[in-house]
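Now for the letters of each chain:
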Amino acid sequence: MTDLTNKYETAKQNSIEFMKNGQIADYFNALLEMNKYKRLLVAVTAN
């Protein structure tokens, strides 16, 4: 679970950096990655 949390936070920081630099495609990809880890966290918590 901590591994998923760390990956989520890393993707979150990457998305913020991409947004600041104006890299829209990379920003959206980072958001999709965040969504993936968020869903996994919810699934792990539910079980």
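See the structure above.
Everything numeric here is computed off the predicted structure, so don't read it as measured data.

The rules behind each value
Sequence order sets the numbering: in each chain, residues are counted from 1 along the sequence as written. With pLDDT at 70 or above as the cut-off, local features in this predicted model cover only qualifying residues; side-chain atom pairs require 80 or more to be listed or tallied, and sums for whole chains, interfaces and linings still use all residues. Side-chain numbers come from the whole structure's heavy atoms, not from hydrogens or water. Think of a nonpolar core as a cluster: buried Ala, Val, Leu, Ile, Met, Phe, Trp, Tyr and Cys residues, connected wherever their side-chain atoms sit within 4.5 Å. Relative accessible area decides the class of each residue, using a 1.4 Å probe on protein chains only: under 20% of the type maximum gives buried, over 50% gives exposed, and in between gives partly exposed. In this text, helices come from DSSP runs of H or I with a minimum length of four residues, and strands from runs of E with a minimum of two, each type numbered from the N-terminal end. In what follows, a contact means two residues having at least one pair of non-hydrogen atoms within 4.5 Å. An axis is simply a line fitted to the C-alpha atoms; with a helix, the fit covers only the stretch in contact. Between two such axes, the angle follows the N-to-C directions and lies from 0 to 180 degrees. Roughly parallel means an angle under 35 degrees; roughly antiparallel, over 145; roughly perpendicular, 65 to 115; everything else is oblique. With the far helix as reference, a near helix turned anticlockwise by less than a right angle produces a left-handed crossing, and one turned clockwise produces a right-handed crossing. When residues are grouped by polarity, Ala, Val, Leu, Ile, Met, Phe, Trp, Tyr, Cys and Pro land in nonpolar, Asp, Glu, Lys and Arg in charged, and all others, Gly among them, in polar. Under this definition, polar contacts are N or O atom pairs within 3.5 Å; protein pairs additionally need one hydrogen-donor-capable and one acceptor-capable atom, and for neighbouring residues in sequence, both atoms have to be side-chain atoms. Expected helix span is computed as 1.5 Å times (number of residues minus one). Each direction from the helix axis to a C-beta atom contributes to the arc, which is the arc of those directions.

A word on the nonpolar core. By size, the foremost hydrophobic cluster in this structure holds six residues: Leu 4, Tyr 8, Ala 11, Met 34, Tyr 37 and Leu 41. If you list the elements that add at least two residues to this core, you get helix 1 (2–21) and helix 2 (24–46). Setting aside residues up to four positions removed in sequence, Tyr 8 forms contacts with Met 34, Tyr 37, Lys 38 and Leu 41.

Viewed as axis vectors pointing N to C, helix 1 and helix 2 meet at an angle of 160°, and their least axial separation amounts to 8 Å. Taken together, the axes of helix 1 and helix 2 are roughly antiparallel relative to one another. As for the relative orientation of helix 1 and helix 2, their crossing is left-handed in sense. Residues Leu 4, Thr 5, Lys 7, Tyr 8, Ala 11, Lys 12, Asn 14, Ser 15, Phe 18 and Met 19 of helix 1 touch helix 2, and the partners they reach there are Asp 26, Tyr 27, Ala 30, Leu 31, Glu 33, Met 34, Tyr 37, Lys 38, Leu 40, Leu 41 and Val 44. Considered class by class, the residues forming the contact of helix 1 with helix 2 number 13 nonpolar, three polar and five charged.

Turning our eyes to something else, we now look at the side chain of Ser 15. The topology assignment puts Ser 15 in helix 1. Looking at Ser 15, its side chain comes within polar contact range of the main-chain oxygen of Lys 12, at 2.7 Å. Sequence-distant contacts of Ser 15, that is, excluding residues within four places in its chain, are made with Tyr 27, Ala 30, Leu 31 and Met 34.

Quick look at helix 1 now. An ideal rise of 1.5 Å per residue puts 28 Å on 20 residues; helix 1 measures up with 29 Å between its terminal C-alpha atoms. Along helix 1, the residues that are buried comprise Leu 4, Tyr 8, Ala 11 and Ser 15. With its buried residues spanning 65° around the axis, helix 1 presents them on a single face. In helix 1, the exposed residues that point more than 90 degrees away from the buried face are Thr 2, Lys 20 and Asn 21. Those residues of helix 1 that are buried are in contact with helix 2. One or two steps after helix 1, the chain reaches Gly 22, where phi turns positive at roughly 80°.

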